[in-house]
Amino acid sequence: MSLTSLSAFEVARKVKAGELKAVEVAEAALAQIQAVDGLSGSLDGGAVSADEEKKVHAFIQLTEKMALEQAEKVDQAIARGEDAGILAGVPVSIKDIFCVEGTTTTAASRILSNFEPPYTATAVQRLIDQGALILGKVNLDEFTFGSSNESSAYQPASNNPWNTEHVPGGSSGGSAASVAAEEVALSLGTDTGGSIRQPAAFCGVVGLKPTYGRVSRLGLIAFSSSLDCPGPISRDVRDSALMLQAMAGVDPKDSTSSTRPVDDYLAALGQDVKGLRIGLSPDYDAVYYPDFETGEVRKEAIQKEVHDTLYRSAELLAKAGAEIVENVPMPNTAYGIPAYFVISRVEAASNLHRFDGVKYGYRTEPAVSNLSELYRLTRAEGFGPQVKLRILMGMYLSAAGHDADYYTHAQKVRALIRQNFVRAFDPDGGHRLDALLTPTTATTSFKRKAVFGDSLLMQYSDQMTVSSNHAGVPALTIPAGLDEAGLPIGIQLIGSDFREDQILRIGYAFEQVSRDEAWREARPQVLAGEVKA
Amino acid sequence: MKDYEVVIGLETHIQLNTNTKIFCSCKADSWEDEANTNICPVCSGLPGTLPVLNEEAVRKGALLAAAMHAEVNPLSRFDRKNYFYPDLPKGYQITQFDEPIGKGGYLDLKMADGTKKRVRIHKLHLEEDAGKTKIEHGTRLVDFNRCGVPLIEMVTEPDLRSGEEAAQYLIQLRQLLRWIGVSEADMERGHLRCDANVSIRERGSQVLNTKTEIKNVNSIDSVRQAIDEEAKRQIELVESGGKVESYTLDWDADRNKLSLMRSKETEADYRYFRDPDLLPVKLSQEEIDEIIASLPELPLDRQARFVAEYGLSEYDADILTNERSLSDYYEAAVSAYAGEPKAVANWMMNDLSRMLNDLGKTADQLVLGPKALAEIIQMVDDGKINAATGKSLLKKVEESGSRPAEIVEKEGLGLIADSDALRAQIEAVLAGAPDEVASFKAGKESLLGWFVGQVMRSSGGKADPKRTREILLELLKK
């Protein structure tokens, strides 16, 4: 097994045991990036060669110097006999929506193309404090607004390492792609409606959206503040547990972070799943979306292979001793996207007010003397179409006279969605679930340009994931098979508030029980030697 | 001309005197700081930053609400008021929209004619201040120092009827703010800012006509003048057949003139919604009770009590309750003094307040404590020192920090009340003035005062005047 295939857990173990130098790990990661990543995303990056089409393009910015310096520090600490942290020498990529001092933090937008934050996000700092090596900033949909990475102002956008003609998903597409392509062991992503889990599922890796408030949002450039959750992306469940362990816990600089003590997630993995109650819901068997012409709500069954994989996975878990509870009603799932549409856009429009060309970031040129012209031109030139669409929608939905119709109403829907989960997990209720098992996505990864441009349809690809953002509960996606085209299929475990330990434990058990399945032998295209290095 | 009345509502912004800003740990007050030197990523609105609420601002806001007789809300929330302006780095202001910290309330004003006027409060909420912009050499400059300073916005009902009433409201509000210690309330430094909404109507009418808003009225005199000017303008306009339009006006204090800032045809849409970055502000009943209990006796209550309890005139009581530390000083001095409370009032209103003015101190900053003042007055009463010595002692105690009795002893300022020593001095004076003694004995008794004066001179002012008179009469009438 090559160095870059090692799990974060193994890397940290070997580095701490002196079997491996952190500097060697950093150099191996940089070599792998060199081999598979191709051109980094850049502003006005145009058409690329056929060769480049087959690269991953996860990164916007490499932080080679930072990674090597951090690696040297880790090696020195170990030489002095000090504890180098639970992520000693582990290569990590950071979604370029997190402020990291010493990097440009772009949000994949022209408007922040020159923004260098004077501080580092709490989640990132905690990774560094545990010995992680920051290899660079990875691509995303502009301001996280999208599910395919294609809306990034930094092109070429990331490709899916399993098939580079396909999208890696989004918005944390660069994160998932960089982990799947073994450029890094871990990536820090964010999940507002599914932005960690959907790309993780598309790229055949593990992604965890923690409970809202479990990981600090400080330094995360806000999309929808009441929904945004930073979280780990990794190649196996144990690595996500390890990464969450490093990041979780109260942050005095984030009032919405939870003061609840952090569980021992690694210890939870050792326990079996005998007697745990895992639910299946018919409400996750289809997606509902409005017909654009008539407005009528249409129901469309999920991809058959996804459905089959879900049920086969449930059987495997039953074999491991879990109790499968069928027909759990989650009737408000269908309203997740419309409510999300309203809440996220109202909050986004407000959060994006600050990008006005006055203080930092892009400003229109040549200079204009009229203030509203400065605003108008800066924002017209600085934001991409997806961002403008969301701002317009958010402005409309929160305008005086509309706020009660839309935002307030959506908040009520949100409360009802949460009710479904509260009832399902109620220890005195009829279902008493420890976790709900659902597909992560209705389909596997789609081809580039297949959905892009149809922002409504793009949005509906989050239907399986968005409810847990509304409810605030944690959700984990793990790879569970491949479709006929060889594209990964993810399944999702949703837990109750702050029970990341429980869903990680079940996910880990699934990995053990499916260890010998044939699909586990498959490797992403970019790693299978089909791409010229 | 019809009989018009002026209808005024005031919107005040009160800077709370907390140590730090409302959502970050920058110090709250930036007076005279270089532009943009008292800022951090939070108050300058960098991406990714989050607000953390300063509890001291909440406590002071609640205390002010209680002092305004408003209901302190056990649950209040913060909202975003969205608009674009360069001095607003986040593009929204964090404020309280529909669930503010205080509900209702009023301020009772004491008017010059002794009547009371109740001004009801329409709105009282916490919010953050914005920065400042200015144009210099054709360039617009922004200073974020003031961003995030904790404010209370307080809006009155349209209950005021003249520039003078508006001025009184501000004077008495300022007194209250300082009294309860929530704000320095210095208008020059912008700790207390005021916008005035002015409209007119025929006396007796209940309608509210189109109002204009006057901005930048940042002294009490400006408020009085600007409102009177604007009322006059509106009346003349309406009398000449014109119509008042919803303007925003700017008061130029240097030229005493109003000018049009902008016409305000439509209300801006601020797209208020709850700030998801902040939790609701919860105050338990115990916390609210504790805040209300910590509220000191308010100025008007204390004034009334001074009249009733100490027999002071309204005038004296008013002056002594102008400022809380002065009234605390007065009460402490009265309780340390055996004589009439009125005597203490006289000393304080004359000599002590002159000293406070000269030194630029407030009563609580004096070295000369209320007990020392009481001791000085007592010594004068007891004939141990004369009044002039007493007055000079005020300054000596303030400068030296010594006890009054010690200074009297050390400097030999006490009056000569010892009969033998005094008698000898008086006998010497009489011996040196045989003609006057003869005149007195012949019936010119008005010379007594002259003799007293001679004794005073020869004793260097230390003779006890009462004893001197007694001994003189005894010797002269022999």
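Residues numbered from 1 in each chain as written. Chains lettered and ligands numbered in written order. Predicted model: local features only at pLDDT ≥ 70, side-chain atom pairs only at ≥ 80, totals over all residues.

Caption draft 1: The overall build of chain A, seen in detail. Counting its regular elements, chain A contains 17 helices and 15 strands. Taken along its principal axes, the extent of the C-alpha atoms in chain A is 70 × 60 × 50 Å. Taking all 533 residues of chain A together, the buried fraction comes to 61%. Taking the intrachain contacts of chain A between residues at least 6 apart in sequence as the baseline, contacts between residues at least 24 apart amount to 76%. (Helix = DSSP H or I, 4+ residues; strand = E, 2+ residues; numbered from the N terminus. Buried ≥ 20, exposed ≤ 12 C-beta atoms within 10 Å, placed from the backbone. Contact = placed C-beta atoms within 7 Å.)

Caption draft 2: Molecular detail of the overall build of chain B. Within chain B, the regular secondary structure consists of 15 helices and 17 strands. In terms of C-alpha radius of gyration, chain B reaches 31 Å, well past the compact-globule figure of 23 Å for 478 residues. Taken across its 478 residues, chain B has 39% of its residues classed as buried. Contacts spanning at least 24 positions in sequence make up 70% of the contacts within chain B whose residues lie at least 6 apart. (Rg over C-alpha atoms; globule rule 2.2 N^0.38 Å.)

Caption draft 3: Fine view of the sheet that holds strand E6 (residues 186–191) of chain A. All names here are of chain A. Taken in spatial order, the 11 strands of this open sheet run E2-E4-E3-E6-E8-E7-E14-E15-E13-E9-E12, and their pairing is mixed. This sheet does not close on itself; its edge strands, each paired only once, are strand E2 (59–62) and strand E12 (323–325). Within this sheet the neighbouring strands show an average axis-to-axis angle of 30 degrees, counted without direction. In terms of strand pairing, strand E9 (residues 277–280) meets strand E13 (residues 435–439) through three bridges, oriented parallel. For Ile-278, the partnering residue across the bridge sits in E13 and is Ala-435. (Pairing = 2+ DSSP bridges. Axes fitted to C-alpha atoms, helices over the stretch in contact; angles between N-to-C directions.)

Caption draft 4: Examining helix H6 (residues 173–180) of chain A more closely. Residues and elements named next belong to chain A. Among the eight residues in H6, eight count as buried, and that is most of the element. Considered for burial, the residues of H6 that qualify are Gly-173, Gly-174, Ser-175, Ala-176, Ala-177, Ser-178, Val-179 and Ala-180. Downstream of H6 by one or two residues, Glu-182 has phi in the positive range, about 60 degrees.

Caption draft 5: The arrangement of the interface of chain B and chain A in detail. Tallying the contact residues gives 25 residues for chain B and 32 residues for chain A. Split by residue class, the side of chain B that touches chain A holds 15 nonpolar, five polar and five charged. (Nonpolar A, V, L, I, M, F, W, Y, C, P; charged D, E, K, R; others polar.)

Caption draft 6: Fine view of unusual backbone geometry. Residues and elements named next belong to chain A. The omega torsion of the bond from Gln-155 to Pro-156 falls at 0 degrees, within 30 degrees of zero and hence cis. Residue placement: Pro-156 occurs in the loop between strand E5 (154–155) and H6. Residues Gly-170 and Ser-171 are joined by a peptide bond in cis, for which omega reads 10 degrees. Relative to the assigned elements, Ser-171 resides in the loop between E5 and H6.

Caption draft 7: How the structure looks around the environment of Leu-64 of chain B. Within the secondary structure, Leu-64 of chain B is located in helix H1 (residues 55–67). Apart from the residues lying within four places of it in its own chain, the contact partners of Leu-64 of chain B are Ile-152, Ile-180 and Val-182 of chain B.

Caption draft 8: Geometry of the packing of helix H8 (residues 237–247) of chain A against helix H17 (residues 500–513) of chain A. All names here are of chain A. At their nearest, the axes of H8 and H17 sit 9 Å apart, and the two run at 155 degrees to each other. Judged by the angle between their axes, H8 and H17 are roughly antiparallel. Judged by residue contacts, Val-237, Arg-238, Ser-240, Ala-241 and Leu-244 of H8 engage Glu-500, Leu-504, Gly-507, Tyr-508 and Glu-511 from H17. Taken together, the residues that form the contact of H8 with H17 break down as five nonpolar, two polar and three charged. (Parallel < 35°, antiparallel > 145°, perpendicular 65-115°, else oblique.)

Caption draft 9: Region of interest: the confidence of the model for chain B. In the predicted model, chain B carries a mean pLDDT of 92, and 98% of its residues have values of at least 70. We note a pTM of 0.91 for the whole complex and an ipTM of 0.95 for its interfaces. (pLDDT = per-residue confidence, 0-100.)

Caption draft 10: View of helix H5 (residues 122–129) of chain A. All names here are of chain A. Among the residues of H5, those classed as buried are Thr-122, Ala-123, Val-124, Arg-126 and Leu-127. Tucked inside the fold, the buried residues of H5 contact strand E3 (91–95), E6, strand E8 (229–234) and H8. Gly-131 lies just past H5 and shows a positive phi near 95 degrees.

Caption draft 11: Here's a closer look at the nonpolar core. All names here are of chain A. Counting 158 residues, the largest nonpolar core has Ala-8, Val-15, Leu-87, Val-90, Val-92, Phe-98 and Leu-133 as its most contacted members. Examining the composition of this core, we find that nine residues originate from one element, helix H11 (residues 336–351), more than from any other. In this view, Val-92 contacts Leu-127, Ala-132, Leu-133, Ile-134, Leu-135, Val-184, Leu-186, Ser-187 and Leu-188; residues no more than four positions away in its chain are not counted. (Core = buried A, V, L, I, M, F, W, Y, C linked by C-beta atoms within 7 Å.)

Caption draft 12: Region of the structure containing the environment of Val-155 of chain B. Residue and element names in this part refer to chain B. Within the fold, Val-155 resides in strand E11 (residues 150–156). With 17 C-beta atoms packed within 10 Å, Val-155 lands in the partly exposed category. Remark: the alpha-carbon pair of Val-155 and Phe-306, spanning 151 residues in sequence, is separated by 31 Å. When near neighbours in sequence (up to four residues on either side) are disregarded, Val-155 contacts Gly-9, Glu-11, His-122 and Lys-123.

Caption draft 13: Seen up close, the pairing of E9 of chain A. Two elements, E9 of chain A and E12 of chain A, share three bridges in a ladder whose sense is parallel. Looking across to E12 of chain A, one finds that Gly-279 of chain A is bridged to Val-325 of chain A.

Caption draft 14: The packing of helix H14 (residues 407–425) of chain A against helix H16 (residues 463–471) of chain A, seen in detail. Residues and elements named next belong to chain A. Contact geometry of H14 with H16 gives a least axis separation of 8 Å together with a crossing angle of 100 degrees. One way to sum up the angle between H14 and H16 is to call them roughly perpendicular. The segment H14 lies against H16, with Arg-414, Ile-417, Arg-418 and Phe-421 engaging Ser-467, His-470 and Ala-471. Of the residues that constitute the contact of H14 with H16, the class distribution is three nonpolar, two polar and two charged.

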